[in-house]
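# Report on the structure
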Amino acid sequence: MTFDILTLFPEAVESMLGISIIGRARKAGLLSVNCYQIRDYTEDKHRNVDDTPAGGGMGMVMAAQPIYDCYRNAVRNAPEGERRRVIYLSPRGRHLTHALAAELSTCDRLVLLCGHYEGVDQRVLDEMDAEEISVGDYVLTGGELPACILVDAVSRLLPGVLADPSCYEEESIASGLLEYPQYTKPAVWHDRAVPEVLLSGDHKKVDAWRLEQSLTLTEARRPDLYDAYMAAHPPKPPKKRRKKEGSGG
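Only a predicted model underlies this, so the values are computations on that prediction, with no experimental measurement involved.

### Remarks on unusual backbone geometry
The linkage connecting Lys-185 with the following residue, Pro-186, adopts the cis geometry, with an omega of 5 degrees. With respect to the helices and strands, the residue Pro-186 is situated in the loop between helix 7 (166–169) and strand 8 (188–189). Phi at Tyr-117 takes a positive value of approximately 60 degrees, unusual for a residue other than glycine. With respect to the helices, strands and loops of the structure, Tyr-117 is situated in the loop between strand 6 (109–113) and helix 5 (122–127). Of note, the phi angle at Asp-129 is positive, near 55 degrees, even though the residue is not glycine.

### Thoughts on the nonpolar core
Among the nonpolar cores identified, the biggest contains 28 residues, and Leu-110, Leu-112 and Leu-150 are the most heavily contacted of them. Elements with a contribution of two residues or more to this core: strand 1 (2–7), helix 1 (10–17), helix 2 (20–27), strand 5 (84–95), helix 4 (98–104), strand 6 and helix 6 (144–155). With five residues, the top contributor of residues to this core is helix 6. With residues up to four places along the chain from it excluded, the contact list for Leu-150 reads Ile-87, Leu-89, Leu-96, Leu-104, Leu-110, Leu-112 and Ile-133. Of all hydrophobic cores here, the second largest spans 21 residues; its members include Val-49, Tyr-71, Val-120 and Met-128.

### Examining the sheet that holds strand 1
Strand pairing within a sheet occurs via backbone hydrogen bonds; the two strands may be parallel or antiparallel. Strand order in the open sheet made by the five strands is 2-1-6-5-7, with parallel pairing throughout. Only two strands of the sheet have a single partner each, and these edge strands are strand 2 (32–37) and strand 7 (131–134). Taking each pair of neighbouring strands and ignoring which way they run, the sheet shows an average axis angle of 30 degrees. Here strand 1 pairs with strand 6 via five bridges, running parallel. Bridge pairing links Phe-3 to Leu-110 in strand 6. Contacting strand 1 and strand 2, helix 1 runs over the sheet at an angle of about 165 degrees to strand 2.

### Observations regarding the pattern of salt bridges
If you walk through the whole model with that rule in mind, you get twelve salt bridges. Where Arg-222 meets Asp-224, a salt bridge forms, and the shortest distance between an N and an O atom there is 3.0 Å. For Arg-222, a relative accessible area of 33% puts it in the partly exposed group. By relative accessible area, which is 45% here, Asp-224 ends up partly exposed. Residues participating in the shared-partner salt-bridge network are Asp-4, Glu-82, Arg-84 and Arg-109.

Criteria and cut-off values
- Residues numbered from 1 in each chain as written.
- Predicted model: local features only at pLDDT ≥ 70, side-chain atom pairs only at ≥ 80, totals over all residues.
- Heavy atoms only, no water.
- Helix = DSSP H or I, 4+ residues; strand = E, 2+ residues; numbered from the N terminus.
- Core = buried A, V, L, I, M, F, W, Y, C linked by side-chain atoms within 4.5 Å.
- Buried < 20%, exposed > 50% of the residue type's maximum accessible area, 1.4 Å probe, protein only.
- Contact = heavy atoms within 4.5 Å.
- Pairing = 2+ DSSP bridges.
- Axes fitted to C-alpha atoms, helices over the stretch in contact; angles between N-to-C directions.
- Salt bridge = Lys/Arg side-chain N within 4 Å of Asp/Glu carboxyl O.

Structure below.
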């Protein structure tokens, strides 16, 4: 998969996406991340990429021309028929969830626009047929952090990026529940012991304990997730015991 990131701060994006699992996946050729400096495409002699908002108001708005020319350059050699989506990281967009990340992971290319200032000229969003995605109900100073979050969430679902699919299939949120508490050695630390069941070696008991913990945590902290999970996983009715046939007398 290819990620094309249109930004005023490519160095910020590169510093985040050049390390750890995503950095190693890029070096292995499992995915490609290309950063484009929007300022390089402005026709303004002072290299400005923004202007005052139409109708008045505070702040500045990113202009359509440099963004669109940057976008056109990013996709100029894209193969015909590729599955491409253009995304503007915006607090007014659709919330990024695990399900949406899985949906995006089926694309060939994602073009991510990082906004700044008071936003972006709506006309360029319409021209690029951009969809808006939000990483939460809060406002940030720019779209670079949200873009990195989206790349990370999508990339780890691509084949080969993680060692085993269970790394993301069974973990928090992906399973539909919050993750159970995790522990490691030593068995006792600051007089706090690892739950005995986790040291028992009985995998069925461990799995049952983890599910119980996940259910309890999810019900307490995310009742919306808990209700959705229980609706999709209704408890199985107990099996009826067959009566033994009596012998004739």
